[in-house]
Amino acid sequence: MKLNSVVTKLGATILFLQLIILIPLGYIIVQIVSNYSYNEVESQLIDLSRKYAQSFTSVNDQHAWDSIYTYTEVTGMKAVLIDPDGRIISKAGLSELKEEGLSTPREQSLLKSGTPINTEYINNDTQYLKVAQPIMAGSTYTGSIYLLSSLDSTYQSVYNITKLVILASIGAVVLAIGFTFFMSIKLASPLLQMEKATKRIADKKDFSTRVTYKGNDEIGSLANAINNLSQTLETYQTNRNEFFANITHELKTPLTYIKGYTNALKKKLYQSEEEKETYLDIIEKETNQMNNLMDDLMDLSKIEEGKLNLHKEDIDITEVIDMVINKIMIKAKNKGITVSYEAPPEGVVLYADGQRMEQILTNLLENATRYTEKGNILVRVFKHSKQIKITVEDTGIGISEKDVPYLFERFYRVDKSRSRSHGGTGLGLSIVKKLVDIHDGAIEIQSKLGEGTTFILSFPMDQHK
Ligand SMILES: Nc1ncnc2c1ncn2[C@@H]1O[C@H](COP(=O)(O)OP(=O)(O)OP(=O)(O)O)[C@@H](O)[C@H]1O
Ligand SMILES: [Mg+2]
């Protein structure tokens, strides 16, 4: 256990708290007990002496003395009868006591004046409590009775209590040390495990590392946080690896074509001028494909890093759509697809980046044209409960339910070869989704395989910020 560990600190705090509570508490207990037993002995002795003094008719009352004598024999108490001149008349249980100093002249004069004596007194190295009462015959002072009780047993019980308190304190300290040790195992071991895990994650980049501690306390939530972190890093690592694999693949395919056809041209492996033109067209198409891929990747990385600056202003979204429809119209016409457009004649104002809106709609309309063989594409703009909705509906090949959740992932294509033959890389929808997000909008897909697809965009109406 390290000296500066949390557990040592906790143990030291517990010990310190125990000591500052136990020391005064023990002292108070000992004081209370010793005062109580001393007061008990004292009040008993005073009561007895008063009772006996009253039982004497005179200092020579043999009958009264007899009863005191019997009592001293039973209890071990000492009694002395003193005449008015201060001389000892009778004594009981005094064998081990020296007589000198038993009764002082000062005490005698006090007793004569009717004042009882109550004092501590040491005889033969033993401490006694000495109590004396005057014996009166009517109003005449005839002598006094002294009672002495050893304080040994009182001190003995105080000593015993003190011993008990000290023992209990040592017991508590031992318990505290035991508790600290127990806590060190309970507390420190998951913390050490977490330290090891985080080092493994940071130094060895082993993102599959997990902490096994399961508890619903603060340490448990720290363990959870570490596990979440490594999980996120693991996903990030997998995504990154997949991403690089995808890019490499996407670049390799057009490069293989370009290399192959350039070689064919160089070696004049064509039969006619027409064939040569076809080769050149392919090279151009593949170069464009690479160019588009680069543009898309640049856009994605800019959005993901939050570096894409939006130039938001009030735009008429119906005009933007008009322009995009015009752009794809030729492609659609060539495929025999009709494009219809429904929009409010007064236009719809949206606070957005016009260029990015155009990018979103171009992607959606290009997809609609690309993945529709016959029928029509319908674009609609309308306002609906404080939202501006844009829908792009086609009668194309549709998307199966199982593919829908992955459409916004980078490089995801339902039919790779089909998409590729159209020049697609599978980045379009992931860019669309991110652009919609940074405009505080939402995108939804409704599709039925073989029947068609509808993309629904929603943007908040009053988004001026
Ligand atoms: N309107 C649609 N109808 C049917 N399938 C669609 C439609 N739009 C998208 N898809 C499917 O979703 C996939 C992902 O679309 P996305 O736009 O991201 O990529 P892409 O069109 O293949 O390539 P590009 O990066 O050039 O856009 C497509 O490959 C296609 O399989
Ligand atoms: Mg696309």
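Owing to the predicted nature of the structure, the values given are computational and were not obtained by experimental measurement.

## Observations concerning the UniProt feature "transmembrane region" (unreviewed entry) in the protein
UniProt records the feature "transmembrane region" (unreviewed entry) at residues 12-30 and 164-185, using the numbering of this structure. Here residues 12-30 is 100% helix and 0% strand, with 26 Å between the C-alpha atoms at its ends.

## Some thoughts on the pattern of salt bridges
Within this structure, the stated rule accounts for 20 salt bridges. A salt bridge links arginine 356 to aspartate 299; its shortest N-O distance comes to 3.7 Å. Of this pair, arginine 356 sits in helix α8 (residues 354-370) while aspartate 299 sits in helix α6 (residues 273-304), placing them 57 residues apart in sequence. Exposure remark for aspartate 299: the relative accessible area of 14% places this residue in the buried category. One salt bridge in this structure joins glutamate 366 and lysine 331, with 3.3 Å as the shortest N-O distance.

## Re helix α2 (residues 62-75)
Between its terminal C-alpha atoms α2 stretches 20 Å, which fits the 20 Å expected from 14 residues at 1.5 Å a residue. Among all positions in α2, only Ala64, Trp65, Ile68 and Thr72 are buried. For α2, the angular spread of the buried residues around the axis is 95°, confining them to a single face. When the buried face of α2 is taken as reference, the exposed residues oriented beyond 90 degrees from it are His63, Glu73 and Val74. Against α1 (6-55), β1 (78-82), β2 (88-92) and β5 (140-150) lie the buried residues of α2. The backbone nitrogen of histidine 63 lies 3.3 Å from a side-chain oxygen of the residue at the head of α2, namely aspartate 61. Phi turns positive one or two residues past the end of α2, at glycine 76, with a value near 80°.

## Some words on the site of ligand 1
Of all residues adjacent to ligand 1, which total 22 residues, the nearest are Asn367, Asp394, Ser419, Gly426 and Leu429. Between valine 414 and ligand 1, the recorded distance is 3.1 Å, taken from a backbone N or O atom to an oxygen atom. For ligand 1, whose unbound accessible area comes to 590 Å², protein coverage reaches 96%. Contributing elements (two or more residues each) for the shell around ligand 1: α8, α10 (428-438) and β12 (452-460).

## What about the packing of α8 against α10?
Where α8 contacts α10, the two axes come as close as 10 Å, and the packing angle between them is 145°. Both α8 and α10 take part in a crossing whose hand is left-handed. For the pair α8 and α10, the contacting residues are Arg356, Gln359, Ile360, Asn363, Leu364 and Asn367 in the first and Gly428, Leu429, Ile431, Val432, Leu435 and Val436 in the second. Partitioning the contact of α8 with α10 into residue classes produces seven nonpolar, four polar and one charged.

## Some details on the UniProt feature "domain: HAMP" (unreviewed entry) in the protein
The positions UniProt marks with the feature "domain: HAMP" (unreviewed entry) are residues 185-238. Taken end to end, residues 185-238 is 76% helix and 0% strand, and its two terminal C-alpha atoms sit 36 Å from one another.

Rules behind the numbers
Residues numbered from 1 in each chain as written. Chains lettered and ligands numbered in written order. Predicted model: local features only at pLDDT ≥ 70, side-chain atom pairs only at ≥ 80, totals over all residues. Heavy atoms only, no water. UniProt positions renumbered as here; feature names shortened; annotations may be inferred. Helix = DSSP H or I, 4+ residues; strand = E, 2+ residues; numbered from the N terminus. Salt bridge = Lys/Arg side-chain N within 4 Å of Asp/Glu carboxyl O. Buried < 20%, exposed > 50% of the residue type's maximum accessible area, 1.4 Å probe, protein only. Expected span 1.5 Å × (residues − 1). Arc of directions from axis to C-beta. Contact = heavy atoms within 4.5 Å. Polar contact = N/O pair within 3.5 Å; in protein donor to acceptor, adjacent residues only side chain to side chain. Near = heavy atom within 4 Å. Areas by Shrake-Rupley, 256 points an atom, 1.4 Å probe, with all protein chains shown as cover. Axes fitted to C-alpha atoms, helices over the stretch in contact; angles between N-to-C directions. Left-handed = near helix turned anticlockwise from the far one by under 90°. Nonpolar A, V, L, I, M, F, W, Y, C, P; charged D, E, K, R; others polar.

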